[in-house]
Amino acid sequence: MMKRYIGAFLTVLLLMGSLTGCGGSKQVEAQVFAMDTVMFLTACNGDGEAALQNAEAELYRLESMLSRTRENSQVTLLNQASEDFGKGQTVEVGDEVCGLIEQARTFSRVAGGALDITLAPVSSAWGFTKNAYRVPESGELEVLLTHVGMEHVHTDAAAGTAWLDEGTQVDLGGIAKGYASDRVAAIYRQFGVTSGTVSLGGNVWACGTRPDGKPWVVGIQDPNRTEEADAYVGKLHLSDAFAVTSGGYQRYFEEGGVTYHHILNPATGYPAESGLTSVTVVAAESGTMCDAFSTALFVMGEERALDFWRSGAYDFDLVLVTDDGRVLVTDGIADAFEETEGSGYVYKTVS
Amino acid sequence: MKLTTRQLTLCAVLTAMALALSYLENFFPLSLAIPIPGVKLGLANIVTVFALYALGPAQALLILFARCFLGAMFAGNMNALIFSLMGGVTAMAAMIALFRLRRLSVYGVSIGGAAAHNCGQVAAAVLTLGNTAPLYYLPVLLGVSLLTGALTGMVAALLFRALEHTNLLKM
Amino acid sequence: MSTRPFPKLRPGIWDALVAAVVIVLAVVCAGAFWVRGTLAEGELTAVVSMDGQERERFALSDGEMERTYTNHGYTLHLLVQSGELRVAEADCPTQDCVHTGTIGQAGQSIVCLPARIVVQLVRTGGSSDVDVVIG
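Conventions and cut-offs
Residues numbered from 1 in each chain as written. Chains lettered and ligands numbered in written order. Predicted model: local features only at pLDDT ≥ 70, side-chain atom pairs only at ≥ 80, totals over all residues. Heavy atoms only, no water. Phe/Tyr/Trp six-rings, centres within 6.5 Å; stacked < 30°, edge-to-face > 60°. Helix = DSSP H or I, 4+ residues; strand = E, 2+ residues; numbered from the N terminus. Buried < 20%, exposed > 50% of the residue type's maximum accessible area, 1.4 Å probe, protein only. Lys NZ or Arg CZ within 6 Å of the ring centre and 35° of its normal. Pairing = 2+ DSSP bridges. Patch = residues over 30% accessible without salt bridge, like charges linked within 9 Å, V, L, I, M, F, W, Y side chains within 5 Å. Areas by Shrake-Rupley, 256 points an atom, 1.4 Å probe, with all protein chains shown as cover. Salt bridge = Lys/Arg side-chain N within 4 Å of Asp/Glu carboxyl O. Lys, Arg positive; Asp, Glu negative; His and termini not counted. Charge placed at Lys NZ, Arg CZ, Asp CG, Glu CD. Contact = heavy atoms within 4.5 Å. Buried area = accessible area lost by both parts, 1.4 Å probe. Polar contact = N/O pair within 3.5 Å; in protein donor to acceptor, adjacent residues only side chain to side chain. Nonpolar A, V, L, I, M, F, W, Y, C, P; charged D, E, K, R; others polar.

Engineer: Would you mind going over the packing of aromatic side chains with me for this structure?
Structural biologist: Summed over all chains, the structure comprises 21 aromatic pairs over all chains. Between Tyr 133 of chain A and Phe 253 of chain A the ring centres are 4.9 Å apart and the planes differ by 0°, which places this aromatic pair in the stacked class. One end of the pair, Tyr 133 of chain A, is in the loop between α5 (120-125) and α6 (138-145); the other, Phe 253 of chain A, is in strand β11 (residues 252-255), with 120 residues separating them in the sequence. By relative accessible area, which is 30% here, Tyr 133 of chain A ends up partly exposed. Judged by relative accessible area, Phe 253 of chain A falls into the buried class, the value being 6%. Ring centres 5.1 Å apart and planes at 90° place the aromatic pair Phe 293 of chain A and Phe 308 of chain A in the edge-to-face group. With a relative accessible area of 0%, Phe 293 of chain A lands in the buried category. Relative accessible area serves as the criterion here: at 9%, Phe 308 of chain A is assigned to the buried category. Above the face of the Phe 58 of chain C ring, Arg 67 of chain C is positioned so that its terminal group lies 4.6 Å from the ring centre.

The structure is reproduced here in C-alpha cells:
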C-alpha cells in the first residue's frame, strides 16, 4: 500500500520533471569556437545532429585553411612565401582558396576598391589583428598602401596556386565567415534541415522558418547603444536569407580622445569616415557576397552604397544606419523590417 | 503557565523521548525511497501529539522548543534549527487549531500536523535559499505527510489506548 | 478528574476531511506547478556553457544572484538582477564580456572568448522575440 503510493508520487514527480524540460519540436544546438569568434547553430527537422556535426567539422576545416594567424593555414603559407622569398613565389593553396581570392577580386572591383583583402598589413599596423592598438604614422601607412591592391595578388586557377607581390599580405577575414555560412547552409540542405539559425560572428543565415512557421526574427544591434545588447535598430523577419552587419562599433580603440574603428578605407589606410555607423546586407543567395558588401558599403557611404544597390548588379537589400540618426531600408525588405519604437531613429524606405 | 512537578517531570521525559525518537528515525531513512530533502517519518511528532492531549498546548510547545534546540545542539548543526523550528511551530499551530475543533481523532490532528510541518519546512527553505525552487517539492511532501501523519496518529492512538486505564492522562 | 476530553482514537469522517484537504492541497500545488511548467516554456532562461558544453541553466526570474565561472584560467563574475544579467567582473584580457553590458531578452548572449564561456538567454516558447542578433 505504502509502496504503491510512493511509486505514484515518484511518477508524478518524474512527470513534472519531464513537462518542465524540453517541449515542442526537437531542436539541436551547437556552439563552435572558430575564426576568432563564437558561432551559434540551431537545427530543427531533418538529421539535425548529423548536420551540426558536419557543420562543426567544416567550420574547423575552413579556419585551418583561411586563418591568417594560424600556422600552416593556406593563407599563412601564402603570406609567408611572399615575406620569405619575395615576389612571385607560388604556393599551392588549392581550388577553394583560389576561388575565394577571385571572388574577393570581383567584389573589390565592383565596389570600386572599397574592400580589399590586401589591406592586411595596414590593419596589422593599426594593431587590429593582435589587439595591440596604436595609431600608425601617416608615412608608415603610405608605404604600406603601396602594397595594397588586388593587382598584387595572382592566382592560377588551373594549377590551384597563388602568389603575392613582395610586401603584399592577404587576409580573407572579410569574406571567410560569409563563405562559412554558405558552406553551413549547403550542409543543412544536404541533411534535410528545414528550420534553423546559423550565427557566425555577425553573419546570420536564417534557414527556413521557425518551428511555428513564422519567419526568424533577427535583431540588428543599435550601433549607438552597444552597451545595451537588447537595443535594436529594428528587427528583420527573415526566412532562407543571409544577413550580415558591419559597423565601426564592433571593434575600436580610443587614443588621444579620438575613436579609431576597425573598418579601414583601402584608399587612405585610415578608418572609414563615411557617415554610416552600421550596414546590414540581406540576400537570399550568397553569404560570401553579404559579408563582402557589408564592409565595402560601409566604406563607400550612403550615396555610393545606394547607387550601387540601385544599379541592380547584385541582388541584395540594405539596412543603413547613418551617424545623423537615420535608418534607411531598401524597399525589397521594407515589409520584413520592423522598426523599433522609441529608438529615436528616423526611418525611411529607399527605392 | 504553572507546572506541577509531575507535569515538569513528564515534560522532561517526553523531551528525552522525542530526542530519542528523532535519533531512532535515522535508522529508517524514508528519503532513500523518496529522494527529496525533508522527507522523514516524523516519529518525534508522536510525542508532540501525545503532549498536546496529555499536557496541553503550552506544554507541548515547550517540549517542541526544547527538542528543536537540543536536537540542533546535539547534531552540531544550528543551520538545521530554523528548518525544524519553522516546521515544528507551523505543525504545532495546525495541531492546536485542529485539536480545538474537538471533532477530530488523533489521526486527523496528526495528519494535519504532518502536512503543516512540511509546509513550514518548505517555507524555511524558500526563505533561506531566497529561491522558490523548494516549493516544487511541496506536492510530494504533502502526499508523504498524509502517510507519515496517519502512521504517527496510529502510534499515538495505540499509546492512548494502552494508557487509557492509567492515571497518566488525568492531571 | 480530567479537565480535557479523552482523545478520540478512531478515525472518523472529520479525519477523512483533513486527509482530503491535504490531498486537494497537494493536487492543487502539483497542478499549479504543471500549469507554470507549461507556461514556463516562455520563461527567460540563462544557459551557461563552457567550451560549447552546457554547464548550467537557470531562470532569470529566480531573483538576484551572483555566479562565478572559471574556465581556461579566467574567472567571470555574473550578476543577475531584476530579470537581467551582466558580467560584473572578469579577469580576461579582452573584457568584451564586461563591455557587452546588460542583457535581458531571449536570443541575446554574453561571450567571453578567452575563457570560452557563453551565457545565452533562451525562451523555449515561440513568442515573437528576437531569435538571432547581428551586429
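Engineer: Honestly, the pairing of strand β4 (residues 74-81) of chain C in this entry has me stumped. Any pointers?
Structural biologist: Two faces make up the sheet, and in a regular strand the side chains alternate between them. Residues and elements named next belong to chain C. Here strand β3 (residues 65-71) pairs with β4 via seven bridges, running antiparallel. If you follow Tyr 69 over to β4, its bridge partner there is Leu 76. Between β3 and the antiparallel strand that follows it, β4, lie two residues; His 72 among them carries a positive phi value of about 50°. Examined bridge by bridge, β4 and strand β5 (residues 84-90) share six bridges and lie antiparallel to one another. By the bridge assignment, Val 80 is partnered in β5 with Leu 85. Linking β4 to β5, which pair antiparallel, is a turn of two residues; within it Ser 82 sits at a positive phi near 35°.

Engineer: Would you mind showing me how to read a positive patch on the surface here?
Structural biologist: Residues Arg 100, Arg 102 and Arg 103 of chain B together with Lys 8 of chain C make up a contiguous surface patch of positive charge. Mapped onto the elements of the fold, Arg 103 of chain B is located in the loop between α4 (79-101) and α5 (106-129). Using a relative accessible area of 51% as the deciding quantity, one classes Arg 103 of chain B as exposed.

Engineer: Is there a simple way to think about the interface of chain A and chain C in this case?
Structural biologist: Contacts between the two partners involve 35 residues from chain A and, on the opposite side, 31 residues from chain C. Surface buried jointly by chain A and chain C totals about 2,700 Å² across both partners, of which 58% is contributed by carbon and sulfur atoms. If you look at where chain A meets chain C, you find one salt bridge. A salt bridge links Arg 210 of chain A to Asp 131 of chain C, with the nearest nitrogen and oxygen atoms 3.2 Å apart. For the interface between chain A and chain C, the tally reads eight residue pairs in polar contact (both at pLDDT 80 or more). When contributions to the side of chain A that touches chain C are tallied by element, the ones reaching two or more residues are α1 (2-20), β1 (27-34), β2 (37-44), β6 (195-200), β8 (216-221), β9 (232-238) and β10 (241-247) of chain A. Here the element with the most residues in the side of chain A that touches chain C is β8 of chain A; it accounts for six residues. When its residues are assigned to classes, the side of chain A that touches chain C shows 14 nonpolar, 14 polar and seven charged.

Engineer: What should I look at first to understand unusual backbone geometry in this one?
Structural biologist: If a residue is not glycine, its phi is most likely negative; likewise, a peptide bond is most likely trans. In the Ramachandran plot, Asp 36 of chain A falls in the positive-phi region, its phi being about 60° despite a non-glycine side chain. Counting through the fold element by element, Asp 36 of chain A comes out in the loop between β1 and β2. Judged by its relative accessible area of 66%, Asp 36 of chain A is exposed. We note that Arg 102 of chain B has phi near 65°; this positive angle belongs to a residue other than glycine. Take Arg 102 of chain B: it is sitting in the loop between α4 and α5. When its relative accessible area of 53% is taken as the criterion, Arg 102 of chain B is described as exposed.

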